[in-house]
Amino acid sequence: MSSIPDRTWLWFAATFYLAGFILGTVALLRERRHSRTWMYILIWAGFLFQTCGLALRGKAVHGCPISNLFELFQFTAWSATSLYLVIGPTFRLSLLGYFNACLSATLTCVSLLVPVWDSIHRAKTPGSSPWIEFHAALALFSYGVFGLLALTSIMYLLQVFSLKRQHLRGFFSFLPSIVDLDHINLRLLTAGTVLMTAALSVGYVHWVHDRDSVPAIKIIVTGSIWAAYAVALILRLRGILLTKRLAWTCIVLFVAALYSLGIIESSRKTPTAGQTAASHE
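To keep things clear, this report deals only with the structure shown in the data block. (Residues numbered from 1 in each chain as written. Predicted model: local features only at pLDDT ≥ 70, side-chain atom pairs only at ≥ 80, totals over all residues. Heavy atoms only, no water.)

So, the overall build of the chain
Here is the rule: Secondary structure elements are defined from DSSP: runs of H or I of at least 4 residues count as helices, runs of E of at least 2 residues count as strands, and each element is numbered from the N terminus. With a 1.4 Å probe rolled over the protein chains alone, any residue whose accessible area is under 20% of its type maximum counts as buried; one over 50% counts as exposed, and the rest are partly exposed. The method behind every accessible area is Shrake-Rupley, applied with a 1.4 Å probe, and residues are considered shielded solely by the protein chains displayed.
Counting its regular elements, the chain contains 8 helices and 0 strands. Each helix and strand of the chain, placed in order from N terminus to C terminus, yields the pattern α-α-α-α-α-α-α-α. Every one of the 281 residues in the chain was classed for burial, and the buried ones make up 48%. For the chain, the accessible surface area stands at approximately 13,600 Å², while carbon and sulfur atoms represent 68% of it.

Focus on the packing of helix α7 (residues 216-237) against helix α8 (residues 243-267)
Let me state the cut-off plainly: For helices, the fitted axis covers only the stretch in contact; all axes are lines through C-alpha atoms, and the angles between them, taken along N-to-C directions, range from 0 to 180 degrees. Throughout, the term roughly parallel applies to angles under 35 degrees, roughly antiparallel to angles over 145, roughly perpendicular to angles from 65 to 115, and oblique to all others. A clockwise turn of the near helix away from the far one marks a right-handed crossing, whereas an anticlockwise turn of less than a right angle marks a left-handed crossing. In what follows, a contact means two residues having at least one pair of non-hydrogen atoms within 4.5 Å. Only Asp, Glu, Lys and Arg are considered charged, only Ala, Val, Leu, Ile, Met, Phe, Trp, Tyr, Cys and Pro nonpolar, and every remaining residue, Gly among them, polar.
Closest axis-to-axis distance for the α7/α8 pair is 9 Å, and the angle between their directions is 165°. Comparing the axis directions of α7 and α8 gives the class roughly antiparallel. α7 and α8 meet at a crossing whose hand is left-handed. Taking contact as the criterion, the partners of I217, K218, V221, T222, I225, A228, Y229, A232 and R236 in α7 are, on α8, L246, T249, C250, L253, F254, A256, A257, S260, I263, I264 and S267. Residues that form the contact of α7 with α8 fall into these classes: 14 nonpolar, 4 polar and 2 charged.

Looking at a nonpolar patch on the surface
Quick reminder of the rule: Think of a patch as exposed residues, more than 30% relative accessible area, with no salt bridge, where like charges cluster within 9 Å and nonpolar side chains (Val, Leu, Ile, Met, Phe, Trp, Tyr) cluster within 5 Å. Basic side-chain nitrogens of Lys or Arg form a salt bridge, by our definition, when they fall within 4 Å of a carboxyl oxygen of Asp or Glu.
Side chains of L18, I22 and V26 sit close together on the surface and give an oily, nonpolar patch of about 220 Å² of accessible area. Checked against the element boundaries, V26 lands in helix α1 (residues 6-29). Residue class for V26 comes out partly exposed when judged on its relative accessible area of 36%.

Things to note about the packing of aromatic side chains
How we decide: Stacked, tilted and edge-to-face are the three classes assigned to paired rings of Phe, Tyr and Trp, where Trp is represented by its six-membered ring and a pair needs centres within 6.5 Å; plane angles under 30 degrees give stacked, over 60 edge-to-face, the rest tilted.
Scanning the model with the defined rule gives 11 aromatic pairs in all. Ring geometry for F21 and Y98: centres 5.4 Å apart, planes at 15°, overall stacked. Note that F21 is positioned in helix α1 and Y98 in helix α4 (residues 94-113), a separation of 77 residues in sequence. By relative accessible area, F21 is classed as partly exposed at 26%.

Here's what the structure looks like:
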């Protein structure tokens, strides 16, 4: 495995995710339900190839592969896919696989097609705390949960549209009920907020002991994303933020979360020569 460059493994993953998206699109255009078996096979294959690529990345930087914007997008796609593979069969949402393939293909392909995102390859600095990596990985995994939440929110809006326009055939006939999607959205919103709260709690413990180690912009941005999701959850539980407003909020917040990755990455200090990995193998 080590003889194959990590980016090659990630290109294989992107290809399988894209194949799953194309499979679902063709089936929907023919007004047929796509094969769940083939969708799972394609997504599992993409997930395994992506895992291999990220494992090689982790070996190169001697830590979690989240050292630049390219890896942040890849890890977010990997997180969303791993969560889908766990909860997909439980929720019995056939279209969730299609939307997940679309999200993962987009994140992996875009990151692979923008070389500048992978121009700086930071190695793990000696003596760095493993809790910091755990904090970052947990935060990105919560982004993966929020990614799935954005997908189910899109499905919710499509179902609302179909009911209002009475388009109950073809693509719309495969959508879960409004009630099921609302319950799923609440569970995902709760899970993502809890995970991000845990991630920030771990990061806060480290920040208290070394306040100069974290740029102020990173604290502001990540704190704002967390606060926005926390407020959305509270308003949902209190029955204030519901239906389409909640769905649109979750979609907008995920776009903002993805945008925040670029801000966080740009706030990092440029590594010295001794901190930069020698290769991408």
